[in-house]
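Now for the letters of each chain:
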Amino acid sequence: MFLINCPYCGERDQQEFKAGGEAHIERPKQPTELSDDEWAEYLFMRKNIKGVQFERWNHAHGCRKWFNMVRDTSNDEIKAIYKMGEKPPA
Amino acid sequence: MIKNLRVKSSEYIDETNRISFKFNGKTYHGFKGDTLASALLANDVHLVGRSFKYHRPRGIMTSGSEEPNAIVQVNPGTNRTEPNVRATEVEIYEGLEASSQNCWPSVEFDIGGINNFLSPFFPAGFYYKTFMWPASFWEKYEFFIRHSAGLGKSPTSNDPDIYDHRNIHCDVLVVGAGISGILAAKNAAKNNFKTLLVDEKNELGGSTIFENNKFNKIDNKTPSEWLKKEIEELKNIKNLEIKTRTSVAAYHQYNYLLARENLTDHLEAKDKTNKIRQRLLKIRAKKVILATGALERPLIFNNNDRPGIMLSSAIKKYSEFYGVACGSKNVFFTNNDSAYESALSLYNKGINVEAIIDIREQSESKIVKKVKEAGIKVYWSHTIVDTAGYKRLNGISIMKLSNDGTSVTGSKISISCDCLGVAGGWTPAVHLYTQSGSKLKFDEEKQIFLPNQNTSQQISVGSCGGDFKIDEIIKNLNQKLKDNLNIKETDLDNIKVEIDQENSKRNIWLLPSDKPLGKTKPFVDYQNDATAKDIKLALREGFRSIEHVKRYTTTGMGTDQGKLGNMHALGIIADTAGVKMGELGTTTFRPPYTPLTFGTIVGRNVGKFFDIFRRTPINDWHVENKAEFENVGQWKRAWYYPINGETMHQAVQRESKAARESAGILDASTLGKIDIQGSDASEFLNRVYTNAWSKLAVGKCRYGLMLNEDGMVYDDGVTTRLGENHYIMTTTTGGAANVLGKLEDYLQTEWPELDVYLTSVTDHYATASLCGPNSKNILKKIIPDLDLSDENFPHMSFKEAHIGNIQCRIMRISFTGEHSYEINVQASYGKDLWEKCIEAGKEFNITPYGTETMHLLRAEKGFIIVGQDTDGTMTPIDLQMDWIVSKKKYDFIGKRSLYRSDTMREDRKQLVGLLTDDPNIVLEEGAQIVSELNQSPVEMLGHVTSSYFSPNLKKSIALAVVRGGKDMMGKKLFVPMENKNINVTVANPVFYDEKNERLNA
Ligand SMILES: [Zn+2]
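Residues numbered from 1 in each chain as written. Chains lettered and ligands numbered in written order. Predicted model: local features only at pLDDT ≥ 70, side-chain atom pairs only at ≥ 80, totals over all residues. Heavy atoms only, no water.

Participant: Provide a residue-level description of the coordination of the zinc ion, including the pertinent values.
Facilitator: Residues and elements named next belong to chain A. The zinc ion binds to the protein through Cys 6 (SG), Cys 9 (SG), His 59 (ND1) and Cys 63 (SG), with metal-donor distances spanning 2.0 to 2.3 Å. Around the zinc ion, the four donor atoms sit at angles spanning 105 to 114°, and that spread fits a shape best called tetrahedral. Written as a sequence motif, the donor arrangement for the zinc ion is C-x2-C-x49-H-x3-C. In this pair, Cys 9 is assigned in the loop between β1 (3-6) and β2 (10-13) and Cys 63 in the loop between β4 (52-58) and β5 (66-72), connecting sequence segments 54 residues apart. (Donors = N, O, S within 2.8 Å, 3.2 Å for Na, K, Ca; no water. Tetrahedral: all angles 85-135°; square planar, octahedral: opposite > 155°, others 65-115°. Helix = DSSP H or I, 4+ residues; strand = E, 2+ residues; numbered from the N terminus.)

So, in structure tokens, the structure goes:
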């Protein structure tokens, strides 16, 4: 059970949050211009790696804000948390 | 006559408080302070159960939570009964009853014992190999296995006890109150850390508290005396909370731990009532100090499982702590010095020790010399090759061990004994450590797994961290505390420790016998009856991974998770396969460390608190009018209103007719309502719905369909434009929260540039849906000054009005195909509004109807219900709802997916109507549809999604999804059922009023 530092509320129990999959996948601005393969790439293809992963999380039972998290899936270490629209840490 | 083996008074046993209890129906006596195990041993009862597979007699083996054999059913036949309880952990009280579990008809005469003689036929994987074929026999096998296995019985009536949960936040959590845990907690608390110390036992002090070995001294006192003084001092320390009878079950990431605090299990029945029995502690600690100690290992030799064979350390604890001799003729079998401490402990109390069998060649430590001086015979380089005695050990045979330890030589010596203490060295209790995600490394010299890298703020101290000698323990503990808690001075800086302890050990995982392995029974997992030869067989059969061997042989898969034998299983695999232990890795230790009751897990969330439920503001009226309710998500919705003993079918037929012929009223308060405001609100709706919204005039309503990005229908509902920049969206009852979440997601992450604000207002409004040809007349009576003409208030429009001085929003929209109004008022006025409608509608026979009639009426019109007629694989095109998909809009959620090759296939399942050839037959929802009856196998074309008998059409109607159904209009299909085939014809899904004339009736 993680302890997650919501950028708006501070440290809260994982129970209050919802995971939202891989981060930094932008919805194409002009979907109609895309081939089936390109659209499928956006729609279906998600990484699920053992190691450092960029994820979206939502403080669903709190401020309801979405934010980004860098997490090492091999040991669940949360390496960074930053707001939507901000650049991921190097 | 029952033998009394109580040997001396112990300060932990209150001999003035005599307690009677029953075991397997027979009455025994013990004292306050006894466990069920110590009291039974004092009465010379060793035989307490039968093994799982061979039904071999088994005795008490340990004195703690690692016990594999003494698994009992407590208070059988009562509503407080509990199976799978370790007798070594049950504190006795007046009136306690317990019985053996795994035996039938009794522990003394067990029918399954015949399995023991059939054991050549029960090798590893026996259950997998034998009971798999033929499949049809499985039921018979299962009956046999379950009847003779008897894994305890669950109570058959409600649990009378109360359970509780508590959240605890602390700076330092110390798990285990042995010497290391006590010193760690004391120093943490003294340095202003808010500290919690927990231990599974009822007394603090671990094994040091009865450590009277005269060769070890702390500040010139025996460890026991010294530790008692330390424990006494704990009372005066602030910041320190101590919880005994509290067992940590799970250690999750980020120092989140679950512990069970046991509050009444040790009390008499009369003292248990109205008290919390067990409490689940949910602990979030900044730092965790694991001081969980070590478990003594047994040795693996032929017939090492007879009642009377115990861990050497358990014999010592029973003698020193409980004042009980486990036997009158004791022998020890060891590979290290520990057994000598136990032997000396017995000797000092005048209990007979016959001999010590030591597989080492020699040891020169003081304690060994002392044992020799006491005249106890020591057999060096010897091993036990067999044991004798069926229900109780009565002798052992020993032989000289070869130099390499793989065989025996010379002649056999027999020694008669009734108790054998086995000492195979110590295994650090790293279970919680590994649960936390931290990794182990194998120490080749000590032959143990030790904590390696820590992933959370934690340290392992004392023997669970690999320190076994008191001087090492204190020195390393001191350093770890200073480093981890960042403190400069501790109490431990000036402690003087003198010790004489030897760590010399000869490790042989599987000891040889004079018989070939195949003819012996060296048990590795006592509870699951897995032997060393089962493990070797699994390796011969090609199993390599430790996890596979574990499952195939069931080693370590009992309720004790193989706490005693797992290391030996690993050792035997490593030796046989010729690999190093460290390369093999360990099996995963999973929570809970010891079993938890369901009561503890659910706490107070039982009965009506099991899940949240939501009621509408009009609920009381439904209850007063005898509605039946159905669960829709968390909502309790009125389902139908039976009168004069009507069945559901009769009530629904009546309600449906009334709604079309005159007037009906539905509580629609549960529909999700989202208030949308902002200068980009119209653009936002354009992007989330499939149809166009920019041109919707203020005061108008529009039906919208929402897709997922994959093009599949997600939700639907009517949205009304209340003002230039203000909309109110309705969603399905079950989808409300998810729709809001999804919309917020797009707003915050994809379209942050949009000026739009979403607020859930579902609970703020009560909604009465008035429908039928007389709905207009009824509304007229309630709001006389509102112009209800079609010109002023047409279908799909909205008016704000007042009923008396109550403000309301009225939408003229319809989910039934009838002329209808949805009246929304502030939630607290909901019941008042409803009653006004009922009152005004009396002269028109207004009929309240529930969700079932609503479903029927909309099915007559072919309106879909998302989640019933769709299942996440239906596009609007599949639903024959092409009309709602805007061709002009450049983009909306899911648009691109509607042009993927897969979603454009002609042979997708499509929504159609179905009519049964016999109009009286109502199809079953979920029934499969085929086009051929005499073909096998036959293609399943689709299934029925909604089906009713329509009282208005006087025939059966159904909606279905059928492969390529769009082009099948008029085609004959079949719905094969168990006893008959039903002939059906594909039809237009709009069964009633196809031209929508009734909307303006
Ligand atoms: Zn937050």
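Participant: If you had to explain unusual backbone geometry to someone new, which residues and values would you point to?
Facilitator: All names here are of chain B. The omega torsion of the bond from Pro 591 to Pro 592 falls at -5°, within 30 degrees of zero and hence cis. Checked against the element boundaries, Pro 592 lands in the loop between α16 (581-584) and α17 (598-602). The phi angle at His 55 is positive, at roughly 55°, despite the residue not being glycine. Relative to the assigned elements, His 55 resides in the loop between β3 (47-50) and β4 (57-59). Unlike most non-glycine residues, Asn 274 shows phi in positive territory, near 60°. Looking at the element boundaries, Asn 274 is found in the loop between α7 (269-272) and β14 (276-290).

Participant: Tell me about the sheet that holds strand β40 (residues 797-803) of chain B, residues and numbers included.
Facilitator: Residue and element names in this part refer to chain B. Strand order in the open sheet formed by six strands is β40-β41-β42-β39-β33-β43, and the pairing between neighbours is mixed. The strands lining the two open edges of the sheet, one partner per strand, are β40 and β43 (847-848). Pairing geometry for β40 and strand β41 (residues 806-812), over seven bridges, is antiparallel. Bridge pairing in β41 links Ala 801 to Cys 808. Packed onto the sheet, helix α22 (residues 775-782) meets β39 (765-771), β40, β41 and β42 (820-826) and runs at close to 35° relative to β42. (Pairing = 2+ DSSP bridges. Contact = heavy atoms within 4.5 Å. Axes fitted to C-alpha atoms, helices over the stretch in contact; angles between N-to-C directions.)

Participant: Give me the lowdown on the state of the cysteines, citing residues and values where you can.
Facilitator: Two cysteines joined by a covalent bond between their sulfur atoms form a disulfide. Residues and elements named next belong to chain B. All chains considered together, the criterion is met by zero disulfides over all chains. Unpaired in terms of disulfides, Cys 170 finds its nearest cysteine sulfur in Cys 464, a separation of 17 Å. Not engaged in a disulfide, the cysteine Cys 701 finds its nearest cysteine sulfur in Cys 808; these two sulfurs lie 14 Å apart. (Disulfide = S-S within 2.5 Å.)

Participant: Requested: an account of the interface of chain B and chain A, with residues and values cited.
Facilitator: The parts lose accessible area when they come together, and the size of an interface is often stated as this lost area. Facing 28 residues of chain B, the contacting portion of chain A comprises 29 residues. Interface of chain B and chain A: buried area, both sides summed, is about 2,400 Å²; carbon and sulfur atoms make up 45% of it. Seen at the junction of chain B and chain A, the total is six salt bridges. Where Arg 27 of chain A meets Asp 891 of chain B, a salt bridge forms, and the shortest distance between an N and an O atom there is 2.8 Å. Here chain B and chain A share 22 residue pairs in polar contact (both at pLDDT 80 or more) between them. If you tally residues by element for the side of chain B that touches chain A, the top one is helix α21 (residues 736-750) of chain B, at eight residues. (Buried area = accessible area lost by both parts, 1.4 Å probe. Salt bridge = Lys/Arg side-chain N within 4 Å of Asp/Glu carboxyl O. Polar contact = N/O pair within 3.5 Å; in protein donor to acceptor, adjacent residues only side chain to side chain.)

Participant: Quick rundown of the pattern of salt bridges? Include the residues and the values.
Facilitator: Residues and elements named next belong to chain B. Scanning the model with the defined rule gives 71 salt bridges over all chains in all. The salt bridge involving Asp 271 is made with Lys 270; its shortest N-O contact spans 3.8 Å. Asp 386 is paired through a salt bridge with Lys 515; the nearest N and O atoms lie 3.3 Å apart. Of this pair, Asp 386 sits in strand β20 (residues 382-388) while Lys 515 sits in the loop between β28 (497-498) and β29 (523-525), and the two are 129 residues apart along the sequence. The structure contains a network of salt bridges with shared partners spanning Asp 164, Arg 166, Glu 241, Lys 243, Glu 261, Arg 279 and Arg 604.

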